[in-house]
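Spelled out, the chains give:
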Amino acid sequence: DLNDLDLVTIGGDLNIGAIVNGNDQPVDGNLPNLTALQLNNLINVGGNVLIAFNPKLTDVGFAQLTRVNGKLEIDTEGQLVQIDGSPQLGEVGDLLMHDLPVLTTLNLPALGQGDRDLVLNNLPVLANVNLNALTTIGNNGELTFDKAIANLDFLASLNTVGNVGARTGHLLIADDQNVAD
């Protein structure tokens, strides 16, 4: 595992299990036996955090992380059941969680602002979402193909999506069959 890294700040990107070359799609970085990622001393990432293509990953946590200036993206993690170890994370550039077939819990209780996009897509068993501090999505919000979400209470504090003056920003909620009143 990568739990012994004592990183506090990363000025650029943090990619775990994925290799990104320029604007190309990420490719598998070949970490087939990574099961846990706990970077509990990491406070700030100046660029993006991409965690992808780790077929045995079950645990992701950043206990002290407060800010990701770029994207926080977790996708294509076939065994990841919960994201529940980042209680201090207050702001991200983008929050992108997608293609996580067994994710049941997304708990980011301090996340108040997404500077650009928030995407929760193709999370078929996600039922427990805590984004209760979220007030602002700077551009677009998308909740799609998340079949187990029963209500949108986790968006109760959300008051701004996009920029009215610039006529930007959309909120899309679709193909979430269990969402009720």
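See the structure printed just above.
A. Structural context of the overall build of the chain. Each helix and strand counted, the chain has 0 helices and 19 strands in total. Whereas a compact globule of 181 residues would reach a radius of gyration of roughly 16 Å, the chain reaches 16 Å, a difference of no more than 12%. If you line up the chain on its principal axes, its C-alpha atoms span 45 × 35 × 30 Å. Relative to its full complement of 181 residues, the chain shows a buried share of 40%. Long-range contacts, defined as pairs at least 24 residues apart, comprise 42% of the intrachain contacts of the chain with a sequence gap of at least 6. A total accessible area of about 8,500 Å² is found for the chain, and carbon and sulfur atoms account for 47% of it. With 6 positive and 22 negative side-chain charges, the chain shows a spacing of 7 Å between the two charge centroids.

B. Structural detail: the pairing of strand E11 (residues 91-98). For E11, a buried count of 7 out of 8 residues is recorded, marking the element as mostly surrounded by other parts of the structure. Judged from the 7 bridges that link them, strand E9 (residues 67-75) and E11 form a sheet pairing that is parallel. Directly across from Lys71, in E11, lies its bridge partner Asp94. Pairing of E11 with strand E13 (residues 113-114) involves 2 bridges; the strand directions are parallel. By the bridge assignment for E13, Val92 is matched with Gly114. Bridging between E11 and strand E14 (residues 118-121) involves 4 bridges; their strand directions are parallel. Bridged to His98 within E14 is Asn121.

C. Quick peek at the side chain of Asn54. Checked against the element boundaries, Asn54 lands in the loop between strand E7 (49-52) and strand E8 (59-61). Accessibility expressed as a relative area gives 0% for Asn54, which makes it buried. Ignoring sequence-local partners within four residues, the contact set of Asn54 consists of Ile16, Gly17, Leu31, Leu34, Thr76 and Glu77.

D. Representation of the side chain of Asn107. Turning to its location among the elements, Asn107 is positioned in strand E12 (residues 105-107). Polar side-chain contacts of Asn107 include one of 2.4 Å to the side chain of Asp84. In contact with Asn107, not counting residues within four places along its chain, are Ile83, Asp84 and Asn130.

E. Main features of the pattern of salt bridges. Tallied over the full model, the rule gives 3 salt bridges. In this structure, Arg67 and Asp115 form a salt bridge, with 2.9 Å as the shortest nitrogen-oxygen distance. Separated by 48 residues along the polypeptide, Arg67 in strand E9 and Asp115 in the loop between E13 and E14 bring together distant segments of the chain. For Asp115, a relative accessible area of 22% translates into the label partly exposed. Three or more residues are tied together by salt bridges with common partners; here these are Arg67, Glu91 and Asp115.

F. Seen up close, empty space enclosed by the protein. Within this structure, the stated rule accounts for 1 cavity of 30 Å³ or more. The space that makes up the largest cavity amounts to roughly 60 Å³. Around the largest cavity, the lining residues are Val60, Gly61, Phe62, Leu65, Leu72, Ile74, Ile83, Ser86, Leu89, Met97 and Leu108. Taken together, the residues of the lining of the largest cavity sort by class into 9 nonpolar, 2 polar and no charged.

Rules behind the numbers
- Here, residues in each chain are numbered from 1, in the same order as that chain's written sequence.
- Side-chain atom pairs in this predicted model are given and counted only at pLDDT of 80 or more, local residue features only at pLDDT of at least 70, and totals for whole chains, interfaces and linings cover all residues.
- Think of the side-chain values as coming from all heavy atoms in the structure, minus any hydrogens and water.
- Secondary structure elements follow DSSP: runs of H or I no shorter than four residues count as helices, runs of E no shorter than two count as strands, and numbering proceeds from the N terminus.
- What the globule rule says is 2.2 Å times the number of residues to the power 0.38, and the radius of gyration is computed from C-alpha atoms.
- Burial status follows relative accessibility: with a 1.4 Å probe on protein chains alone, a residue under 20% of its type maximum counts as buried, one over 50% as exposed, and anything between as partly exposed.
- We call two residues in contact when some of their heavy atoms are within 4.5 Å.
- Here the open area of atoms and residues is found with the Shrake-Rupley method and a 1.4 Å probe, where only the protein chains shown may cover a residue.
- Charge assignment in this entry is limited to Lys and Arg as positive and Asp and Glu as negative, and neither His nor the chain termini are counted.
- By convention, charge coordinates are those of NZ in Lys, CZ in Arg, CG in Asp, or CD in Glu.
- Strand pairing requires that DSSP identify at least two bridges connecting the strands.
- Polar contact is the term for a pair of N or O atoms within 3.5 Å; when the atoms are in protein, one must be able to donate a hydrogen and the other to accept it, and sequence-neighboring residues count only if both atoms are side-chain atoms.
- Any Lys or Arg side-chain nitrogen located within 4 Å of an Asp or Glu carboxyl oxygen qualifies as a salt bridge.
- Buried and open spaces are told apart on a 1 Å grid over the protein atoms alone, a cavity being a set of points where a 1.4 Å probe fits but cannot get out and a pocket being an open set with protein on both sides within 12 Å along at least five of seven lines. Residues with an atom within 4 Å of a point are the lining residues.
- Grid points are joined across faces, edges and corners, and a volume is the space filled by probe spheres set on the points.
- Three residue categories are used. Nonpolar comprises Ala, Val, Leu, Ile, Met, Phe, Trp, Tyr, Cys and Pro, charged comprises Asp, Glu, Lys and Arg, and polar comprises the others, including Gly.

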